[in-house]
Amino acid sequence: MMKIMILNCGSSSLKFQLFDMASKNHTVLAKGSVEEIGHDQSVLHYKTHKMKKDEEVEKKVTAKDHTQAVDHVARALLDPKTGLFKESIEVDAVGHRVVHGGEKFSKSALITKGVKEVIEDCFDIAPLHNPPNYAGIEACEKIFKGVPQVAVFDTAFHQTMQKEAYIYGLPYELYERYHIRKYGFHGTSHEYVSNRAAELMKKDGAKLKLVTCHLGNGASITAINGGKSVDTSMGFTPLEGLVMGTRTGDMDPAVVLFLMEKEHLDFKGMNDLLNKKSGLKGISGISNDLREIIEAAGKDNARAKYAIDIFTYRITKYIGSYAAAMGGLDAVVFTGGIGENAAAIREKVLKPLEFMGLIIDAKLNDSKDKEKIISKTGSKVKAFVIPTNEELMIAKKTMWVVEESGNTFR
Ligand code: ADP
């Protein structure tokens, strides 16, 4: 059996999935979350593959930190009624989603003291993400003693970018001093859907020029040439690039200076404005949820329409610029909550690209299939919808790293 636990730790939450990698479809044996970690009361959500579709355990728990939260997950797995294990938890490896690997990691890594130190070194450039990721690793070291752990980095896939793509127009010394540069995120998802696109096209990935659009609450777009990320829209932080649910994406940095002065905004005020109050939510004044915006646009709400126009225009512009950067384009891939579900958005993004030989097929685009080609037969550039599965990808990478390291599974 190869049972792999995947952990995604945020500052006050933890999500987990337990995969049976030996089963044909990589069965998710158990999944759930602990929310409100560090508050007076936390909540555990937990379900197993043995439960009915709508059935789950919801339990109030005390989780002052990530170690206590992981302990609750372990107890749930051992629960005599709803658990999966009797005496001990048979987890063969734990895979952690770690947001920032800086410039040190271009692939996943077996967690050692040295690896932990590098994750810690990145606290400075990923203050919101890396500390809870690190806390999750330390928690698992205590709760799942002796089980190999692997860090899968959001930034790793983009480490193939060259300087012309990742250096900003700032004094170069600032890159040397603070490591300020474009890193890019959502790497696991871009890698997964690009590999899948090559499979669907029955082509060698090494010969393909792809643009992958991960459009969820956070959104990013990546140029992948010959299987390697050559450019991506998110930057030093996930704020750069596309207009997102609540983030601005690209804009003139002078706007920040102007607003700090006019609106008397301090660091926190500005940070909240850029990351939490802008994007689709800020433009529409309705919500960060695109479904609500589409509904309002259908009722002629002008700001909802602007939000959709601005969101899609920027995606189109990025696809065009990445085609130019790669000197060609074989396929565009859509994924994430919006990319997978919003057919009208895909159509609006792709229509202006007909001049490049990308012809969308309205019928295929509207079909119920989850994974599908949406360009017309004979379209020079293809377009696909490919559901992402970051958790499964993290589980696979964890398994490969552990196998490579010489550890054998039970
Ligand atoms: P996250 O980045 O938080 O993982 P998701 O990938 O789940 O987010 O994407 C969330 C976004 O997907 C929301 O803006 C939601 O409105 C949008 N979305 C989900 N289903 C649809 C749909 N059928 N039509 C339009 N947008 C959708």
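Bear in mind the structure is a predicted one, so any value in this text is a computation, not a measurement.

## Observations regarding the pattern of salt bridges
Now for step 1: Taken as a whole, this structure holds 19 salt bridges when the rule is applied.
Now for step 2: Here E240 makes a salt bridge to K182, at a shortest N to O gap of 3.2 Å. Taken as a pair, E240 in the loop between β11 (228–232) and α7 (254–262) and K182 in the loop between α5 (172–178) and α6 (187–201) lie far apart in primary sequence, 58 residues in all.
Now for step 3: Assessed through its relative accessible area of 6%, K182 is described here as buried.

## Comments concerning the packing of aromatic side chains
Now for step 1: Applying the stated criterion across every chain yields a total of 6 aromatic pairs.
Now for step 2: A ring pair is formed by Y318 and Y322, whose centres lie 5.5 Å apart and whose planes are at 70 degrees; its orientation type is edge-to-face. With a gap of 4 residues between them, Y318 and Y322 both fall in helix α11 (residues 302–326), about one helical turn apart. No difference in accessibility class separates Y318 from Y322, as the two residues are buried.
Now for step 3: Put simply, the rings of Y166, Y172 and Y175 pair up and form one aromatic cluster.
Now for step 4: Its end group placed over the ring of Y166, R181 keeps NZ or CZ at 3.5 Å from the ring centre.
Now for step 5: Between R181 and the ring centre of Y183, over which it is positioned, the NZ or CZ distance is 4.8 Å.

Here is what the cut-offs are and how they apply
- Within each chain, residue numbers correspond to sequence positions counted from 1 in written order.
- Residue-level local features of this predicted model are given only where pLDDT is at least 70; pairs of side-chain atoms are given and counted only at 80 or more, and the full residue set underlies all totals for whole chains, interfaces and linings.
- Remark: hydrogens and water are excluded; side-chain values derive from all non-hydrogen atoms of the structure.
- By definition, a salt bridge exists where a carboxyl oxygen of Asp or Glu is found within 4 Å of a side-chain nitrogen of Lys or Arg.
- Note on conventions: DSSP H or I runs of at least 4 residues are helices, E runs of at least 2 residues are strands, and numbering of each starts at the N terminus.
- Only protein chains enter the calculation, and the probe is 1.4 Å; a residue is then buried if its accessible area is under 20% of its type maximum, exposed if over 50%, and partly exposed in between.
- Stacked, edge-to-face and tilted labels apply to pairs of Phe, Tyr and Trp rings (six-membered ring for Trp) whose centres lie within 6.5 Å, assigned for plane angles under 30 degrees, over 60, and everything in between, in that order.
- Charge over a ring is defined by NZ of Lys or CZ of Arg lying within 6 Å of the ring centre and within 35 degrees of the ring normal.

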